10 protein chains.
Amino acid sequence: MPELLETFPNQFPGRDYEIEITCPEFTAVCPKTGQPDFATIVITYVPDQSVIELKSLKLYLFSYRDRGIFYEHSINTILDDLVASCQPRKMTVVGRFTPRGGISSRITAVYAATT
Amino acid sequence: MPELLETFPNQFPGRDYEIEITCPEFTAVCPKTGQPDFATIVITYVPDQSVIELKSLKLYLFSYRDRGIFYEHSINTILDDLVASCQPRKMTVVGRFTPRGGISSRITAVYAATT
Amino acid sequence: MPELLETFPNQFPGRDYEIEITCPEFTAVCPKTGQPDFATIVITYVPDQSVIELKSLKLYLFSYRDRGIFYEHSINTILDDLVASCQPRKMTVVGRFTPRGGISSRITAVYAATT
Amino acid sequence: MPELLETFPNQFPGRDYEIEITCPEFTAVCPKTGQPDFATIVITYVPDQSVIELKSLKLYLFSYRDRGIFYEHSINTILDDLVASCQPRKMTVVGRFTPRGGISSRITAVYAATT
Amino acid sequence: MPELLETFPNQFPGRDYEIEITCPEFTAVCPKTGQPDFATIVITYVPDQSVIELKSLKLYLFSYRDRGIFYEHSINTILDDLVASCQPRKMTVVGRFTPRGGISSRITAVYAATT
Amino acid sequence: MPELLETFPNQFPGRDYEIEITCPEFTAVCPKTGQPDFATIVITYVPDQSVIELKSLKLYLFSYRDRGIFYEHSINTILDDLVASCQPRKMTVVGRFTPRGGISSRITAVYAATT
Amino acid sequence: MPELLETFPNQFPGRDYEIEITCPEFTAVCPKTGQPDFATIVITYVPDQSVIELKSLKLYLFSYRDRGIFYEHSINTILDDLVASCQPRKMTVVGRFTPRGGISSRITAVYAATT
Amino acid sequence: MPELLETFPNQFPGRDYEIEITCPEFTAVCPKTGQPDFATIVITYVPDQSVIELKSLKLYLFSYRDRGIFYEHSINTILDDLVASCQPRKMTVVGRFTPRGGISSRITAVYAATT
Amino acid sequence: MPELLETFPNQFPGRDYEIEITCPEFTAVCPKTGQPDFATIVITYVPDQSVIELKSLKLYLFSYRDRGIFYEHSINTILDDLVASCQPRKMTVVGRFTPRGGISSRITAVYAATT
Amino acid sequence: MPELLETFPNQFPGRDYEIEITCPEFTAVCPKTGQPDFATIVITYVPDQSVIELKSLKLYLFSYRDRGIFYEHSINTILDDLVASCQPRKMTVVGRFTPRGGISSRITAVYAATT
């Protein structure tokens, strides 16, 4: 639900600076088995005119709680939604998923503004 | 047994993103001594049109359980089989083998698609 | 296969001393799913007249590799077999099994000689 | 939903042995704020006639996902439900909850059978 | 300011269970130098009829922020205030203070109800 | 209060060398909630003619204790004030803030002298 | 130089509470080789009427800097001097010395008041 | 070669205090395979009239370098030799041996003076 | 004794892949003091036509056990011997030596084939 | 006292190899407060014709023990003295100083030979 995301104006747009946000409490549902998945999400970005409001980000990530979605899909969708919301200069979203069947996964998706 | 590997279509082929898969439960048999070897396998790749299905990867890796194969051979074969199966843009396979005779080994093999 | 276990005479039977053996490479097969299980086995004992020969212990633990057996069953059976083999003054067997479905298990079984 | 819990007969009732189960993926909802809580649950018990079936335990713990419940209440209820289900000789349930407002909590509840 | 502390009724008074609360963000002022001190406070208690409400505890601990108080004094006062507020069966308060002049300190104060 | 910052002459201006200063005891107040925030501040710079005096830096960082300021604002302001005070060849300021609502943040701002 | 030690009155003499002080910056001189020794000193005590003033303790420990003294001698002397100075209910002094010739040492001396 | 061990008089015989010595550089030869074994030896004792001189201990432990000896034998012999040399009130010798064939061992032998 | 080293043909000469071998059990003798030195040796190389046989490497490294040789000399000699034996595309040898007189050393030597 | 430093001829001048030396036992005196400072010094260099003799380096670093000197001054002086003594191809000296007033510092100075 990307409409949950809010931003506020970047007060230091003249400088490239980096914001890294770590959320170890991401959970969604596997569309195949119906069982919950768990991940730590790390978002790193250089803001342009807008900064993501943290409380709205929390609500946005919590909106995945009852949603059936594959690993790759969730990470790429989070990247798309966040980029659309705050139009950053660049952004990386990483999801480290806990092990299933002895196998753990990490997905990394990157966006860079074209100039 | 590369025929165990399955893939599904990549839903985000327009973007280079990275998938890292860690399997700490790899075991094969030393062809010289007949004794089991143990390793953690880490696969990192950028998918093109296909993504490796995780359950099939698990079964594929488990198919080495009773197979006599040297360290270098197993890592290079896993790379060859996975590249053939999902045709990635690039892929790295790392195997960290537990110590034998006070010596532990790590093998790293890399594939990059030619364009 | 308890007949794989060998012992040699304890050279210091007049003193209670403790031997702890750690094997991080234990693997068996889940009798329900047919999938491999992995554990670290830790054996701690006070020898009486016999000490367990380590190479035979390794072969004994490796004999579980293709055997379908539940967690609780394997740890209690290892304890029974080792006690029968070396008749220790006391012995503890611990198995720490890797996560399945987000849940990891540790089983601890203890034997004390009655006097 | 305690009716989700299943048990199977303990094959080694003549021996006191300990089972420890760690589930780092417990989540419920705060009844006050409606926001999700996250915890690692550690269950340690000595079985008597019955052993808890792990898959049913997983489903039981997942049934808290959409339930509004306080920390203390959830840990004591888990202990009550598990004791009722498998009638252990003794059992401890520990919940380590992630920080909220800079404060993290751990709840420990213990049961011992009266003889 | 002990009047900031609030409690709610213990729903499981028939059972001795333990609550441990960790607050790594405690800060007060050294009455000698006027410089800030920093500590991690760990509170462990067995509730009787009342449980400490966590948000009120947070506000209570934050009330030390501008207060000049020695290490020993703060830990003993926190113990006194919490005991007065929730009348626990037993309680321990530990403060681990960050190094000053190359020396770090830990203060541990314990209360047990007399019966 | 940038006027708290003091410097002393760099005795090795002919050489580019790096100074890294770590302060794990930074605290300010959230302008929205009035609740305290906590961070570790890491300052890395190459001095030109002036070196920052450490005691004055400590007092400068402590002057944020009662100030309502957002994460991004504080890190960018610290960078601006330190650059104005010691005119370094380059400088990075990093703030790692403790979790709020399950989310932790790290802000990194960089300055490089133009030549 | 025990005369460097200062104390102040214990404000909570009615309660047994514990103070632990860690000083990782202890150094003395080996009387045999003239080379410096380095240790972490940990002092744990239950105060009676007096509490050790930390700044004076720091100066006291620094007075060993140029003194030729063996490991055992320094730890026992620190215990004797601190006990004489603050008359605690009980006290432990531990010194963990850094390796010399591949061997590291830890000395632990304990005092308990006789009643 | 126990004759390498030297002691010096304990200056604090009126107090029970503990000395712990850690030597991570112990090596001997396996009498079966002729291959080197490696261990960390930890000696803990309460001296009576004599304290072990560390340089002589180092030479004593180094005298095992070319000696064929089993794990259990070496730890029990070190304990016997050290007890004979310094007549302690009590002593523990622990040897943690590095893995061989995926199995690592720890031997613990204890001596207590009879009174 | 470089003649101890054996190799076998590289089965994947068409691909650059990396082998890293870690031996934490290297020991030699200091030519000055006659005392043993201890190090962890890490060898990383890209094989060309030959791969180093691990058992022969173990015996080769063990041949330093009674040899008087300085740190720098041993690491550079190991590199020379291994390069001569397997003619790799590139190779790095690192030795991390344990502390002597409070100082620990790491030596890193690199070889790259000229083309 | 740079005259304490000794070198010996590099036996492998034809190859660029790196030597890293770690000394966790550096101590000097703060010229302002007269109190001791403590640091870990890490020296990394590529030798040209001369290698630093380790025992002389130890004595050189110990000569700072009673010297009043600021952090920046000591690290830059150590670099100057070592460069003058062994004329390396390149060298880095890092000093990690323990916390004072809640603030810890790391100074890094680099030298590269001009060709």
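Residues numbered from 1 in each chain as written. Chains lettered and ligands numbered in written order. Predicted model: local features only at pLDDT ≥ 70, side-chain atom pairs only at ≥ 80, totals over all residues.

(A) Geometry of the overall build of chain A. Secondary structure assignment for chain A yields two helices and six strands. In sequence order, chain A lays out its α and β elements as β-β-β-β-α-α-β-β. In terms of C-alpha radius of gyration, chain A reaches 14 Å, essentially the compact-globule figure of 13 Å for 115 residues. C-alpha extents for chain A along the principal axes are approximately 50 × 25 × 20 Å. Of all 115 residues assigned to chain A, the portion counted as buried reaches 40%. Of the contacts formed within chain A by residues at least 6 apart in sequence, a portion of 72% connects residues at least 24 apart. (Helix = DSSP H or I, 4+ residues; strand = E, 2+ residues; numbered from the N terminus. Rg over C-alpha atoms; globule rule 2.2 N^0.38 Å. Buried ≥ 20, exposed ≤ 12 C-beta atoms within 10 Å, placed from the backbone. Contact = placed C-beta atoms within 7 Å.)

(B) Region of the structure containing the relation of the copies chain F and chain A. Screw-axis analysis of chain F against chain A gives a translation of 0.0 Å along the axis, an RMSD of 0.0 Å, and a rotation angle of 72 degrees. Here the two chains are linked by the operation of a five-fold rotation axis. (Least-squares fit on C-alpha atoms with pLDDT ≥ 70 in both.)

(C) The arrangement of the chains, seen in detail. If you take every C-alpha in chain F and every C-alpha in chain I, the smallest gap between them is 23 Å, and the two do not touch. No part of chain D reaches chain J; the closest C-alpha pair between them is 20 Å apart.

(D) Quick look at the interface of chain F and chain A. Between chain F and chain A, the contact holds 13 residues from the first and 16 residues from the second. Listing elements by their share of the side of chain F that touches chain A, those giving two or more residues are α2 (71-86) and β6 (103-112) of chain F. With eight residues, β6(F) is the largest single contributor of residues to the side of chain F that touches chain A. Its residues placed into classes, the side of chain F that touches chain A shows four nonpolar, seven polar and two charged. Of the strand pairs in this sheet, strand β2 (residues 17-29) of chain A and β6(F) are connected by six bridges, and their pairing is antiparallel. (Nonpolar A, V, L, I, M, F, W, Y, C, P; charged D, E, K, R; others polar. Pairing = 2+ DSSP bridges.)

(E) Examining the confidence of the model for chain A more closely. Summary statistics for chain A give a mean pLDDT of 95 and a share of 99% for residues scoring 70 or more. Scored as a whole, the predicted complex attains pTM 0.95, and scored at its interfaces, ipTM 0.93. (pLDDT = per-residue confidence, 0-100.)

(F) Structural view of unusual backbone geometry. Even without a glycine there, the phi angle at D:Gln87 is positive, about 45 degrees. Following the sequence through the fold, D:Gln87 ends up in the loop between α2 (71-86) and β5 (90-100).

(G) The arrangement of helix α2 (residues 71-86) of chain E in detail. Residues and elements named next belong to chain E. For α2, which comprises 16 residues, the first-to-last C-alpha distance of 23 Å matches the rise-based estimate of 22 Å (1.5 Å per residue) to within 8%. Inspection of α2 places Tyr71, Glu72, Ser74, Ile75, Asn76, Ile78, Leu79, Leu82, Ser85 and Cys86 among the buried residues, and these make up the whole buried set. Positioned one or two residues after α2, Gln87 has a phi angle of 45 degrees, which is positive. (Expected span 1.5 Å × (residues − 1).)

(H) Focus on the environment of E:Ser85. Residues and elements named next belong to chain E. With respect to the element layout, Ser85 can be found in helix α2. Judged by the 20 C-beta atoms lying within 10 Å of it, Ser85 is buried. For the pair formed by Ser85 and Thr7, sequence separation is 78 residues and the distance between their alpha carbons is 7.3 Å. Non-local contacts of Ser85, meaning those with residues more than four positions away in its chain, are made with Pro2, Leu5, Thr7 and Ile52.

(I) Structural detail: the pairing of strand β2 (residues 17-29) of chain J. Residue and element names in this part refer to chain J. Pairing of β2 with strand β3 (residues 36-46), which is carried by nine bridges, proceeds in the antiparallel orientation. By the bridge assignment for β3, Thr22 is matched with Val42. From the end of β2 to the start of β3, which pair antiparallel, there are six residues, and Gly34 there has a positive phi angle of about 75 degrees.

(J) Local environment of the pairing of strand β3 (residues 36-46) of chain H. Residue and element names in this part refer to chain H. Residues Asp37, Ala39, Ile41, Ile43 and Tyr45 of β3 are buried on one face, while the alternating residues Pro36, Phe38, Thr40, Val42, Thr44 and Val46, pointing to the opposite face, are not. Alignment of β3 against strand β5 (residues 90-100), held across eight bridges, turns out to be antiparallel. What sits directly across from Val42, in β5, is Val94.

(K) Looking closely at the environment of G:Ile41. Residue and element names in this part refer to chain G. As for its placement among the helices and strands, Ile41 is situated in strand β3 (residues 36-46). For Ile41, a count of 23 C-beta atoms within 10 Å puts it in the buried group. Between the alpha carbons of Ile41 and Gln11 there is a distance of 26 Å; along the sequence they are 30 residues apart. Once residues within four sequence positions are removed from consideration, Ile41 is found in contact with Cys23, Phe26, Leu61, Ile78, Val93 and Gly95.

(L) Fine view of the environment of I:Glu53. Residues and elements named next belong to chain I. Within the fold, Glu53 resides in the loop between β4 (50-52) and α1 (54-62). Judged by C-beta crowding, with 17 C-beta atoms within 10 Å, Glu53 ranks as partly exposed. Setting aside residues up to four positions removed in sequence, Glu53 forms contacts with Glu6, Thr7 and Phe8.

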